[in-house]
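This is what each chain is made of:
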Amino acid sequence: REGMGWRLLPLLLVVVGVSEGLSTAKTQALFDEAYRPEDSRHFVVGSSSTFTPDASKTFDLSYADGTELKGFNGNDVVQLGNYHGMAPFGVIYSCNSPDFNGVDGILGFGLPKPGGEGRELPRPILWALTDKGAVDSNAQDLLRKFSFFSTDSTAELQLGGYDPATCTDEMQYTPSLSKTDFIVGVTSMTYGKPGAGEKRTELLQFENPSGGEYLPAIMDSGTSCLVIPGDTLGGRLKNSPFDDFTNLWDEGTSFWVTVGGKTFEIPYSSWFLQETKQTCVQPAPAGMQGLLIGDVFFREYMVEFDMMDEGRPIIGIAKLNKEYTPVTTAELGMYKLHQAPRQKLQLLKGEETMYSAEHSERLDQVDQVPIFNKKGTQYFM
C-alpha cells in the first residue's frame, strides 16, 4: 500500500506460462475461489524474436483486496490502437487472485513512480511510446494524455486528447494534488433525490470547518465503484459517510461531488448496477484517508488525464454525450482540441478552483480505441 492506502497500476503487465499461486490455504482465506492460470492466454516468450528479459528488475505488488503479483521486467514491441513501439512491461509469474481468471494481463495508464520503486517498475506504456528517441515508435508526436469514458456495455480509450463529440459541455480543468497520482480535492459530497426542493444530506461533515477543508480523491477507471470513508478518519469528520449513506439508501437517488467549485452528479443509474443488482458504493479500507472515484463517475463524464507538464498532471472533466456511439475498431482522427489553460492552472496551490478549456486552432491526432465492458466491472481490449 502507498499514498492513500491503495496501489494504482501505472504499467503494462502480462501473464507468462509459469504461474505459482500463494499457498492454497492462504488463497482460500483471501478469496472465495482459486486462481486458475489455465484460463488465461499466456505470453509465450519463445514465440517472439524481439523479446528481451530484464530479470534484474523484479516487482512484488500488493493490493488492498489481498491480491499479490510477482514478476520481472521485459521489453518487446507493443501495439496499442494505431501506435506501436519497443516498450517495457511486467511479466507476471506469480498470482493469487481469481480476478485474473480468464485475464491475460493488465493495461495501466498511471504516472511513473519516483525513487527506487520507479527504477524497478517498467516505465508506463504511454510514456514509453511517446519518449523522444523511443525505438520503433510511431508515437513521437502523440500528445502525452489520454481520456476515458464508459457505458453499461462498452467503453472507449482516447489517446492524445479527446474527441469533442463525446462531450455535451466544455471541459473543466484542475491540477492534480499529486505529482505521482491523479488526485483531486473533494470539498463536498451530498446524497439525496434529484429535483428542485429535494433534501440532500452532506456526507462529508468536517470537524471544526474553516472553509478550506477537502478530502483527496483518486480518479481511477481501474476501480469499479465509488469508495467513501467508512469511519471518521481519525476525527477529521463528525460522521461516517458510508454509514450515513447506508442508512439513507433509496432508489432513484444521486450523489453530488464538488471539485474545484464545480459540482458533478452521479445518478442512481450509474452507481446501481442493474445487471447484477448491486450497489457500487463501498467503504474505504482501513488507513485510507480519502475517496476513490471509479467507473460510476466515468459513465457520466469524459475524463481527460493530461501528463504534458513535467510537474503535476492536469485532470479535465466534461459531461458525457449519451448520444455518442463508442467506436468498434480503432480510429485515428484529427481534431481542434480544447486545451487546458496551463498558465492559470500553474498558479493554483490546491483544490480551490477549476478552469474552462482554452480553444485551439491546432489540429492534433486522437486515437480512439474500443473497449468491452464486462458487467460494468472489467474492461477488455
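Novice: In this structure, what is going on with the overall build of the chain? I would like to understand it.
Specialist: What the chain contains, in helices and strands, is seven helices and 24 strands. In the chain, buried positions account for 51% of the 381 residues. Sequence separation of at least 24 residues holds for 70% of the intrachain contacts in the chain that already meet a minimum separation of 6. In the form shown here, the chain has an accessible surface area of approximately 17000 Å², with 49% of it arising from carbon and sulfur atoms.

Novice: I keep staring at the side chain of D367 and nothing clicks. Help me out?
Specialist: Here D367 is to be found in strand β23 (residues 363-374). Put simply, D367 is tucked away with no salt bridge, and the nearest opposite charge, on R144, sits 15 Å away. The residues touching D367, leaving out its near neighbours within four places in the chain, are L80, G81, N82, Y83, L157, Q158, L159, A330, E331 and L332.

Novice: It is not clear to me how the confidence of the model for the chain should be interpreted in this structure. Could you clarify?
Specialist: Should the pLDDT be low somewhere, the predicted coordinates at that spot are not to be read in detail. Here the chain averages 85 in pLDDT, while 87% of its residues score no lower than 70. When pLDDT is averaged over each element of the chain, helix α4 (residues 241-248) comes out on top at 98 and helix α1 (residues 24-30) at the bottom at 50. A low-confidence stretch, residues 1-9 stays under pLDDT 50, and its non-local contacts, those more than four residues away or across chains, total 35 contacts. Across residues 18-25, where pLDDT falls below 50, the model places 14 contacts with residues more than four positions away in sequence or in other chains.

Novice: What is the right way to read the packing of aromatic side chains from this model?
Specialist: Each aromatic ring pair is specified by the distance between its two centres and by the angle formed by the two planes. This model, assessed by the stated rule, comprises 26 aromatic pairs. Summarising the aromatic geometry, the rings of F255 and W271 are spaced 5.5 Å apart at their centres and angled 80° between planes, so their arrangement reads as edge-to-face. Within this pair, whereas F255 is found in strand β13 (residues 254-259), its partner W271 is found in helix α5 (residues 268-271), the two being separated by 16 residues in sequence. Just as F255 is buried, W271 falls in that class too. Chaining the aromatic ring pairs together yields one cluster made of F109, F146, F148, F182, F264, F297, F298, Y301 and F305. Sitting over the face of the ring of W256, R200 holds its NZ or CZ atom 3.6 Å from the ring centroid. Positioned above the aromatic ring of Y301, the side-chain terminus of K319 is 5.0 Å from the ring centre.

Calculation criteria
Position numbers for residues count from 1 along each chain, tracking the sequence in the order it is written. Under the rules for a predicted model, residues below a pLDDT of 70 receive no local features and side-chain atom pairs below 80 are neither given nor counted, while totals for whole chains, interfaces and linings still include all residues. As a rule here, side-chain values come from all non-hydrogen atoms in the structure, and water together with hydrogens is ignored. Strands here are runs of E lasting at least two residues and helices are runs of H or I lasting at least four, both read from the DSSP assignment and numbered beginning at the N terminus. Using a 1.4 Å probe on the protein chains alone, a residue whose accessible area is under 20% of its type maximum counts as buried, one over 50% counts as exposed, and one in between counts as partly exposed. Two residues qualify as a contact provided that any one of their heavy atoms is within 4.5 Å of a heavy atom in the partner residue. In short, Shrake-Rupley with a 1.4 Å probe defines the accessible areas, and a residue's cover is counted only from the protein chains shown. Asp and Glu are treated as the negative residues and Lys and Arg as the positive ones, with His and the ends of the chain left uncounted. Salt bridge, as used here, is a side-chain nitrogen of Lys or Arg placed within 4 Å of a carboxyl oxygen of Asp or Glu. Per residue, pLDDT measures the predictor's confidence, with a range of 0 to 100. Stacked, edge-to-face and tilted labels apply to pairs of Phe, Tyr and Trp rings (six-membered ring for Trp) whose centres lie within 6.5 Å, assigned for plane angles under 30 degrees, over 60, and everything in between, in that order. Distance and angle both matter: a charge sits over a ring if NZ of Lys or CZ of Arg is within 6 Å of the ring centre and within 35 degrees of the ring normal.

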